[in-house]
Amino acid sequence: MMRSFKQSLRDVAAMLIALAAFAAPVAVSRGQTPPSRDDIVNQLSRFETAPELDVAALRQNVLDKSRSRSRNEPEPSKRPPLVPELLKLPTFTVNIDFDNDTPVVRPSSYQTVGRIADALVNASLLPYSFLIVGHTDSNGRREANVQLSQRRADAIRDSLVNTFKISSKRLQSLGLGEEQFVDQAHPTSPANLQIQIVTIAKLPEQSEQPTQPASASKSTKKSAKKR
Amino acid sequence: MRVGSAQNMSFGDAAGMLAQSCGADIDANCRGVSLDANRLRECLSRNTDALSSQCRSDYLRAFDSIQKRIAARVTVANACTREIVKICNGSTKETSKSVPCLTTAHGVSRNCLQAIDDAGYR
């Protein structure tokens with residue numbers, strides 16, 4: 001009796017995970033065919049509500065988690081997602097080839113990074129900001145995996161900012177290592193080496209009035225507020 | 001690979017051309033250099049003698065077209081000043097905020113639309 005109850009609990013958990021995967025708008029591109037700009041745009045523009053995300057705090061959480069040496073640690077395929085908020089956001093999942101154990105993008109993926117840049121400057125995506133998320137499979141040390149995935153996410157962000165001049169205000173990066181898989185059911189699968197672009201916020205419609213020069217009197221401040 | 005005029009090449013096409021023409025040269029001479037236009041251009045220039053003729057003839061063109069597409073954003077502010085202010089209630093200091101309006105508005109001049117295309121905004 002006890003056993004079957006446990007089993008059904010497990011079934012429910014598996015179903016919930018499957019449901020979460022279903023609900024998340026995830027597109028996977030495989031192989032060397034780079035994604036089209038419009039696929040990326042369509043996927044990432046389906047944005048509804050912005051969650052509260054403190055990326056700096058998340059980075060720390062991920063590192064702490066990767067260092068934990070608890071005895072009851074579940075096996076990789078049973079780890080609960082560390083940042084479940086991300087699963088509900090518009091996500092584009094994409095293969096990017098890196099040199100082994102480095103954040104250096106291989107020439108075979110230059111076109112893909114260029115396409116991501118094309119998508120980010122498209123009018124439909126200009127009003128949004130994004131999180132570049134790095135992952136790894138479950139091979140190797142957990143902490144090293146977090147660091148590698150962070151460096152890879154940083155590298156993509158740097159390329160987009162430095163080479164294609166996407167505003168750095170629109171891009172943050174987060175390495176999840178093996179603390180949250182792309183393919184949770186298969187922790188050693190190469191699918192887990194993919195990069196994800198996640199829409200995380202809408203930029204303010206019109207930015208605040210440019211800050212008044214210090215000499216501005218109180219009366220002009222008041223009229224500025226009216227706008 | 002089909003290559004459009006440098007003026008209108010997308011970032012994807014330009015980066016793809018660089019990889020296609022120079023991928024092997026980058027592996028041989030610039031291993032470990034990240035996808036950074038400045039660092040890659042510098043590395044390729046430093047190794048001009050060792051480059052394949054295809055790479056030598058294409059790499060500057062690839063970087064130039066990326067640069068042109070970026071520079072076109074400033075052109076939008078100039079070519080679309082009237083539209084940004086009158087139609088989109090925006091400011092040319094924050095052109096990118098007016099772009100979603102510009103790409104859908106009526107009465108946008110041909111010059112402005114050309115600039116929008118050159119910048120890759122639609």
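Counting starts from 1 at the beginning of each chain's written sequence and moves along it residue by residue. Each chain is given a letter, starting from A, and each ligand a number, starting from 1, according to the order in which they appear as written. Per-residue local features are limited, in this predicted model, to residues with pLDDT of at least 70; the limit for side-chain atom pairs, both in listing and counting, is 80 or more; totals at the level of whole chains, interfaces and linings are taken over all residues. To get the side-chain values, all heavy atoms of the structure are used, and hydrogens and water are removed first.

## Re the overall build of chain B
Runs of H or I in DSSP of at least four residues are treated as helices and runs of E of at least two as strands, each being numbered from the N terminus. From N to C terminus, chain B includes six helices and zero strands. From first element to last, N terminus to C terminus, chain B shows the α and β order α-α-α-α-α-α. C-alpha atoms define the radius of gyration in this analysis, and the globule rule sets the expected value at 2.2 Å times the number of residues to the power 0.38. Here chain B has a C-alpha radius of gyration of 18 Å; the compact-globule value for 122 residues is 14 Å, and the former is much larger. Whether a residue is buried, partly exposed or exposed follows from its accessible area with a 1.4 Å probe, protein chains only, as a fraction of its type maximum: under 20%, in between, or over 50%, in that order. Sorting the 122 residues of chain B into buried and exposed places 46% on the buried side.

## Details of the overall build of chain A
In terms of regular secondary structure, chain A is built from six helices and five strands. Its helices and strands taken in sequence order, chain A reads α-β-α-α-β-α-β-α-β-β-α from the N to the C terminus. Long-range pairs, those at least 24 residues apart, make up 80% of the contacts in chain A between residues at least 6 apart in sequence. Accessible surface area values rest on a Shrake-Rupley calculation with a 1.4 Å probe, where residue burial reflects the displayed protein chains alone. Per element, the accessible surface of chain A, about 12,600 Å² overall, is 53% carbon and sulfur. The criterion used for residue contact is that any of the two residues' heavy atoms lie within 4.5 Å.

## Remarks on the side chain of A:Asn145
Relative to the helices and strands, A:Asn145 is located in helix 5 (residues 142-163). Apart from residues lying up to four places away in sequence, A:Asn145 is in contact with A:Thr136, A:Asp137, A:Ser138, A:Asn139, A:Gly140, A:Gly177 and A:Glu178.

## Let's talk about the interface of chain A and chain B
With 28 residues of chain A in contact, the opposing surface of chain B contributes 34 residues. Taking both partners together, chain A and chain B bury about 2,500 Å²; carbon and sulfur atoms supply 56% of that area. Definition used for salt bridges: Asp or Glu carboxyl oxygen within 4 Å of a side-chain nitrogen of Lys or Arg. At the junction of chain A and chain B, the tally comes to four salt bridges. One salt bridge in this structure joins A:Asp118 and B:Arg69, with 3.9 Å as the shortest N-O distance. Among the secondary structure elements, those contributing two or more residues to the side of chain A that touches chain B are helix 4 (110-121) and helix 5 of chain A. At eight residues, helix 4 of chain A tops the list of elements feeding residues into the side of chain A that touches chain B. Throughout, the accessible surface (probe 1.4 Å) given up by two parts as they are put together, summed over both, is called the buried area.

## What to know about helix 1 (residues 11-29) of chain B
How far a helix is expected to stretch is found by multiplying one less than its residue total by 1.5 Å. Here helix 1 of chain B is 19 residues long, yet its end C-alpha atoms lie only 23 Å apart, well below the 27 Å a rise of 1.5 Å per residue gives. A maximum bend of about 70° is found in helix 1 of chain B at B:Cys22. Fitting axes to the seven residues ending at a residue and to the seven starting there, one defines the bend at that residue as the angle between these axes.

## A few points about the packing of helix 2 (residues 37-44) of chain A against helix 4 of chain A
All names here are of chain A. Axis geometry follows a simple rule: fit a line to the C-alpha atoms, using only the stretch in contact for helices, then measure angles between N-to-C directions, giving values from 0 to 180 degrees. It is the contact of helix 2 with helix 4, at a shortest axis distance of 8 Å, that shows an interaxial angle of 50°. Accordingly, the angle class assigned to the pair helix 2 and helix 4 is oblique. Remark: the crossing between helix 2 and helix 4 carries right-handed chirality. Contact residues: Arg-37, Ile-40 and Val-41 in helix 2; Arg-115, Ile-116, Asp-118 and Ala-119 in helix 4. Charged residues are taken to be Asp, Glu, Lys and Arg, nonpolar residues to be Ala, Val, Leu, Ile, Met, Phe, Trp, Tyr, Cys and Pro, and polar residues to be all remaining types, Gly included. The class makeup of the residues in the contact of helix 2 with helix 4 is four nonpolar, no polar and three charged. Orientation labels follow simple angle bins: below 35 degrees gives roughly parallel, above 145 gives roughly antiparallel, 65 to 115 gives roughly perpendicular, and whatever is left gives oblique. Helix crossings are classified by the rotation of the near helix relative to the far one: an anticlockwise turn of less than a right angle makes the crossing left-handed, while a clockwise turn makes it right-handed.

## Observations regarding helix 4 of chain A
Residues and elements named next belong to chain A. Taking 1.5 Å as the rise per residue, helix 4 with 12 residues should run 16 Å; its terminal C-alpha atoms sit 17 Å apart, in good agreement. Counting buried residues in helix 4 gives 12 out of 12 residues, a clear majority hidden from the surface. Within helix 4, burial applies to Tyr-110, Gln-111, Thr-112, Val-113, Gly-114, Arg-115, Ile-116, Ala-117, Asp-118, Ala-119, Leu-120 and Val-121.

## Description of the state of the cysteines
Residue and element names in this part refer to chain B. Throughout, disulfides are identified as pairs of cysteine sulfur atoms within 2.5 Å of each other. By the definition in use, this model includes four disulfides over all chains. The disulfide partner of Cys-30 is Cys-43, and the gap between their sulfur atoms is 2.1 Å. Across the S-S bond of Cys-30 and Cys-43 the torsion is about -100°, and the bridge reads as left-handed. Here Cys-30, found in the loop between helix 1 and helix 2 (37-46), pairs with Cys-43, found in helix 2; they are 13 residues apart in sequence, far enough to count as distant. In this pair, the class of Cys-30 matches that of Cys-43, namely buried. Covalently, Cys-80 is tied to Cys-112 through a disulfide, its sulfur atoms 2.1 Å apart. Across the S-S bond linking Cys-80 and Cys-112, the dihedral sits near 105°, which makes this disulfide right-handed. A residue pair is termed long-range when its members are at least 10 positions apart, and Cys-80 in the loop between helix 3 (53-79) and helix 4 (81-87) and Cys-112 in helix 6 (residues 110-118) qualify at 32 residues. Taking relative accessible area as the criterion, Cys-80 reaches 0% and is therefore assigned buried.

## As for the confidence of the model for chain A
Residue and element names in this part refer to chain A. For chain A, mean pLDDT is 84; residues scoring 70 or higher make up 76% of the total. Low pLDDT, under 50, characterises residues 19-31; the stretch is placed with 23 contacts to residues that sit more than four places away or in other chains. What pLDDT reports is the predictor's confidence in each residue, on a scale of 0 through 100. This stretch, residues 207-227, has a pLDDT under 50; its non-local contacts, to residues over four places away or in other chains, come to six contacts.

## Looking at the environment of B:Leu113
Residue placement: B:Leu113 occurs in helix 6. Once the C-alpha coordinates of B:Leu113 and B:Leu35 are considered, the two residues, 78 residues apart in sequence, prove to be 31 Å apart.

## Things to note about the layout of surface pockets
Taken as a whole, the second largest pocket holds about 750 Å³ of empty space. Any residue with an atom within 4 Å of a point lines the site, the site being either a cavity, points on a 1 Å grid over the protein atoms alone where a 1.4 Å probe fits but cannot get out, or a pocket, an open set with protein on both sides within 12 Å along at least 5 of 7 lines. If you go around the second largest pocket, you meet 27 residues; those closest to its centre are A:Leu126, A:Arg170, A:Leu203, B:Ser96 and B:Lys97. Taken together, the elements giving at least two residues each to the lining of the second largest pocket come down to helix 3 and helix 5 (95-102) of chain B. Its residues assigned to classes, the lining of the second largest pocket comprises 11 nonpolar, seven polar and nine charged. Grid points are joined across faces, edges and corners, and a volume is the space filled by probe spheres set on the points.

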